[in-house]
Amino acid sequence: MLETIINYLGKESQSLLDYTCQGIKKEDLHLPGPDFVDRIMKNTDRSSAVLRNMQLLFNTGRLAGTGYLSVLPVDQGVEHSAGASFAPNPIYFDPENIVKLAIEGGCNAVASTLGVLGAVSRKYAHRIPFIVKLNHNELLTYPNSYDQVLFGDVEQAFNMGAVAIGATIYFGSPESRRQIQEISQVFKYAHELGMVTILWCYLRNSAFKADKDYHVSADLTGQANHLGVTLEADIIKQKQPQNNGGYTALKFGKTHKDVYEKLTTDNPIDLTRYQVANGYMGRIGLINSGGASGDNDFTAVTRTAVINKRAGGMGLITGRKAFQRPIKEGIKLLHTVQDVYLEKKVTIA
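**Re the sheet that holds strand 6 (residues 164–171)**
Alright, step 1. With respect to topology, 8 strands assemble into a closed barrel ordered 1-2-3-6-7-8-9-10, the strand pairing being parallel. The sheet shows a mean angle of 25 degrees between the axes of neighbouring strands, taken without regard to direction.
Alright, step 2. With 8 bridges connecting them, strand 6 and strand 7 (residues 196–203) associate as parallel partners. Note on strand 7: the bridge partner recorded for Ile169 is Cys201.
Alright, step 3. Of the strands in this sheet, strand 1 (69–74), strand 2 (109–113) and strand 3 (130–133) touch helix 6 (residues 95–104), which is tilted by about 165 degrees from strand 1.

Given below as structure tokens:
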């Protein structure tokens, strides 16, 4: 597997595979591993039922027993429109094919909408862990507006047999304070019912696009992660950072020069480690998103997975790159992600 990983990384293989982090040291992190629930999560205020369901996530699929997660997310039918998402591969208009892809792709779980998972729950909820994404940004309003609103509730997810719920907060948006209050209550109730909580900690504000797109800066996404774990998310989903210095470039909020001079460098592993650090030094796991489908998806997911793993992250959540291609290729792509986490020679930087 290592040779394939090196081939996909190409000229970046040495800078990514041989790099040692210059900022936050690996010894200061709480790293993923087979004993993560016993070592880290059992010390929290989460109930035994939450711990059981989290362990179920870790014990499913090709990555079972590693402490890493590979999740198939398909909520884009609402978030980006069904046509935009499924026209390249119309079989995924049928929810059963989404779940089949997750199972055959060796995923730990499948994350999708209340409707998608509810349509096939009796057949599949006992075969692969369900993560019900409860809120969405729909794009049928005109002109388009951007706001995450609830499409379902925790009890509906619990009753279909889901082990976890997911939600998004658009940190930085005018609606963010309402979303924070809303999802705080959603997560509280989910924990009472024994469900794991996963938060998509995304940034959204037109002012965050200046000379660069600071929606993916390490400092701003790191703070979004820190707000997410404050809400007691059990797992954080975040876009992998592409730059840094959002606070200083946009001249708002508060930061410290050591963030840029001591804790991070320009290497993407250091930038992603800063995201991990903001999740209580890894006590709350970081899964990075796979992003949109393009021309070099296998290279892209390999790169993202290597950076996440070497930074101390907990895995990848890969959607469009997998389901917007023929099913055999989608399975191969998911396995490519998982191979990175199974390869023992890809170590923590």
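**Points about the nonpolar core**
Alright, step 1. The biggest cluster of nonpolar side chains holds 81 residues, and the ones touching the most others in it are Leu72, Phe130 and Leu199.
Alright, step 2. What Leu199 contacts, discounting residues up to four positions off in sequence, is Ala167, Thr168, Ile169, Phe171, Ile183, Phe187, Gly228, Leu231, Ala233, Ile235, Ile236 and Lys237.
Alright, step 3. Grouped together as the second largest cluster of nonpolar side chains are 25 residues, Phe36, Val71, Tyr170 and Ile198 included.

**Points about the pattern of salt bridges**
Alright, step 1. Counting across every chain of the model gives 15 salt bridges.
Alright, step 2. Across the pair Asp35 and Arg39 runs a salt bridge, and its minimum N-O distance is 3.1 Å.
Alright, step 3. Overall, Asp35 belongs to the partly exposed group, its relative accessible area being 36%.
Alright, step 4. We note a salt bridge from Arg178 to Glu182, for which the minimum N-O separation is 3.5 Å.

**Remarks on helix 5 (residues 76–86)**
Alright, step 1. Of all the residues in helix 5, the buried ones are Gln76, Glu79, Ser85 and Phe86. Down the axis of helix 5, the smallest arc covering the buried residues is 90 degrees, so these residues share one side.
Alright, step 2. Here the buried face of helix 5 lies against strand 1, strand 3, strand 4 (135–136), strand 6 and helix 15 (320–323).

**Brief notes about the packing of aromatic side chains**
Alright, step 1. Within this structure, the stated rule accounts for 8 aromatic pairs.
Alright, step 2. When the centroid spacing of 5.7 Å and the interplanar angle of 55 degrees are considered together, the rings of Phe86 and Phe323 count as tilted. Residue Phe86 is found in helix 5, and its partner Phe323 is found in helix 15; the two are separated by 237 residues along the sequence. Across the pair, Phe323 and Phe86 agree in class, each one buried.
Alright, step 3. Among the aromatic residues, ring-to-ring pairing joins Phe86, Tyr92, Phe93 and Phe323 into one connected group.
Alright, step 4. The ring of Trp200 has Lys133 lying over it, and the distance from NZ or CZ to the ring centre is 5.3 Å.
Alright, step 5. Here the basic side chain of Lys332 rests over the ring of Phe298, its NZ or CZ set 5.4 Å away from the ring centre.

**Thoughts on empty space enclosed by the protein**
With a probe scaled to a water molecule rolled over the atoms, the places where space remains empty come into view.
Alright, step 1. Here the structure, examined in full by the defined rule, presents 1 cavity of 30 Å³ or more.
Alright, step 2. Its volume calculated, the largest cavity comes out at about 30 Å³.
Alright, step 3. Along its surface, the largest cavity is lined by His30, Pro32, Phe36, Val276, Gly282, Ile284, Gly285, Leu286, Gly312, Gly313 and Met314.
Alright, step 4. A class-by-class count of the residues in the lining of the largest cavity yields 6 nonpolar, 5 polar and no charged.

**Quick word on the layout of surface pockets**
Alright, step 1. Of the pockets and cavities examined, the largest pocket occupies roughly 1000 Å³.
Alright, step 2. What lines the largest pocket is a set of 40 residues, and nearest its centre among them are His80, Tyr202, Lys239, Ser289 and Arg320.
Alright, step 3. Contributing elements (two or more residues each) for the lining of the largest pocket: helix 5, strand 6, strand 7, helix 14 (297–311) and helix 15.
Alright, step 4. By volume, the second largest pocket amounts to about 220 Å³.
Alright, step 5. With 4 residues, the single largest contributor to the lining of the second largest pocket is helix 10 (residues 218–230).
Alright, step 6. Of the residues belonging to the lining of the second largest pocket, the class tally is 8 nonpolar, 3 polar and no charged.

Conventions used here
Residues numbered from 1 in each chain as written. Predicted model: local features only at pLDDT ≥ 70, side-chain atom pairs only at ≥ 80, totals over all residues. Heavy atoms only, no water. Pairing = 2+ DSSP bridges. Helix = DSSP H or I, 4+ residues; strand = E, 2+ residues; numbered from the N terminus. Axes fitted to C-alpha atoms, helices over the stretch in contact; angles between N-to-C directions. Contact = heavy atoms within 4.5 Å. Core = buried A, V, L, I, M, F, W, Y, C linked by side-chain atoms within 4.5 Å. Buried < 20%, exposed > 50% of the residue type's maximum accessible area, 1.4 Å probe, protein only. Salt bridge = Lys/Arg side-chain N within 4 Å of Asp/Glu carboxyl O. Arc of directions from axis to C-beta. Phe/Tyr/Trp six-rings, centres within 6.5 Å; stacked < 30°, edge-to-face > 60°. Lys NZ or Arg CZ within 6 Å of the ring centre and 35° of its normal. 1 Å grid on protein atoms, 1.4 Å probe; cavity = no way out; pocket = protein on both sides within 12 Å on 5 of 7 lines; lining within 4 Å. Points joined across faces, edges and corners; volume = space filled by probe spheres on them. Nonpolar A, V, L, I, M, F, W, Y, C, P; charged D, E, K, R; others polar.

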